[in-house]
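The lines below spell out each chain.
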Amino acid sequence: MSPAVRRPGGIGNRLLAALPPAGFDLLAPGLEMVALDQEVVLSRVGDPIEHVFFPDSGAISLMINMADGQTVATAAVGREGAVGILSVLGPSPSAVTAIVRAGGTASRIPASRFHAAFNASPAIRHAVQIHTRAMLIQFQLGVACNALHPVKARMARWLLHFRDRIDHDILPLTQEALAQILGVRRTTVTLLMQNLRASGAIRSDRRGQIEVDRSRLAVAACECHDTMRLEVEQIFSMNTARSRALAVAADAVVESDDAM
């Protein structure tokens, strides 16, 4: 796709869109648009992080792989976040496997170039802080949810997470993918799908696609979905005010230099 990325508009990645022009301009020369094909692995546990991905659309799950072959998802990432962004903390292998669950597009930049821009820009450092806070909320609530809530409520929560990120009632998810995300057997997912379908939370379950009723699915889900969503929205509302302040400060510096 296009080797260059213009300043994002209304539907681009929220982290990039929140940057003041000076911060985005540091990244722009290294950004390129790439397709996120469903089930593509963006990074694997133990591999070096070569790129940072800023999704514009689609959804990605961050997976933990256990020694016995079992897996479980720790977070979902869409246009509100990024994959590989914590590479700015220093060279280290990826701690998770990132898998595209719903196809879309992303802006991609080499990790080394992002690290250089991170060191040069307070606005980019603030964006990394915003992302880190949002991910910590997912991790912390996810641990509590996995320990305390029944698997049916957890599956409804995950379906809502993906529904939020692709903004569509038809989710391109297989039962096998859900089993990997939840860390349960495929037969367990089949039984849960039957229960959710009986309650009207799921309208249909065609091969590789799940059509959901968002309002009824919210009834079946635990409170963790709303808590995570509201916390992230609050973080971004705070970020908007901070970005404006940074932009004003940068303009003041430019005006001061021009006056000298």
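1. Quick word on the layout of surface pockets
Next, step 1: Put simply, the largest pocket is a space of about 440 Å³.
Next, step 2: When contributions to the lining of the largest pocket are tallied by element, the ones reaching two or more residues are strand S2 (41-43), strand S3 (51-55) and helix H4 (122-148).
Next, step 3: A breakdown of the residues in the lining of the largest pocket according to their chemical character gives 14 nonpolar, eight polar and three charged.
Next, step 4: Of all the elements, helix H9 (residues 224-259) adds the most residues to the lining of the second largest pocket, at five residues.
Next, step 5: Each residue belonging to the lining of the second largest pocket can be placed in one class, and the counts come to two nonpolar, three polar and seven charged.

2. A few points about empty space enclosed by the protein
Next, step 1: Here the structure, examined in full by the defined rule, presents two cavities of 30 Å³ or more.
Next, step 2: Taken as a whole, the largest cavity spans an internal volume of roughly 50 Å³.
Next, step 3: The wall of the largest cavity is formed by Glu80, Gly81, His131, Ala134, Met135, Gln138, Arg165 and Val232.
Next, step 4: The dominant element in the lining of the largest cavity, judged by the number of residues it contributes, is H4, at four residues.
Next, step 5: Taken together, the residues of the lining of the largest cavity sort by class into three nonpolar, three polar and two charged.
Next, step 6: In this structure, the second largest cavity spans a volume of roughly 30 Å³.
Next, step 7: Class assignment of the residues belonging to the lining of the second largest cavity gives a composition of eight nonpolar, no polar and no charged.

3. With respect to unusual backbone geometry
Next, step 1: Unusually for a residue other than glycine, Glu39 sits at a positive phi of about 75 degrees.
Next, step 2: Inspection of the secondary structure assignment puts Glu39 in the loop between strand S1 (32-36) and S2.
Next, step 3: For Glu39, a relative accessible area of 39% translates into the label partly exposed.
Next, step 4: The backbone of Asp167 shows a phi angle near 55 degrees, a positive value even though the residue is not glycine.
Next, step 5: Topologically, Asp167 is positioned in the loop between helix H5 (151-166) and strand S8 (170-171).
Next, step 6: Under the relative-accessibility criterion, Asp167 is labelled exposed at 58%.

The rules behind these values
Residues numbered from 1 in each chain as written. Predicted model: local features only at pLDDT ≥ 70, side-chain atom pairs only at ≥ 80, totals over all residues. Heavy atoms only, no water. 1 Å grid on protein atoms, 1.4 Å probe; cavity = no way out; pocket = protein on both sides within 12 Å on 5 of 7 lines; lining within 4 Å. Points joined across faces, edges and corners; volume = space filled by probe spheres on them. Helix = DSSP H or I, 4+ residues; strand = E, 2+ residues; numbered from the N terminus. Nonpolar A, V, L, I, M, F, W, Y, C, P; charged D, E, K, R; others polar. Buried < 20%, exposed > 50% of the residue type's maximum accessible area, 1.4 Å probe, protein only.

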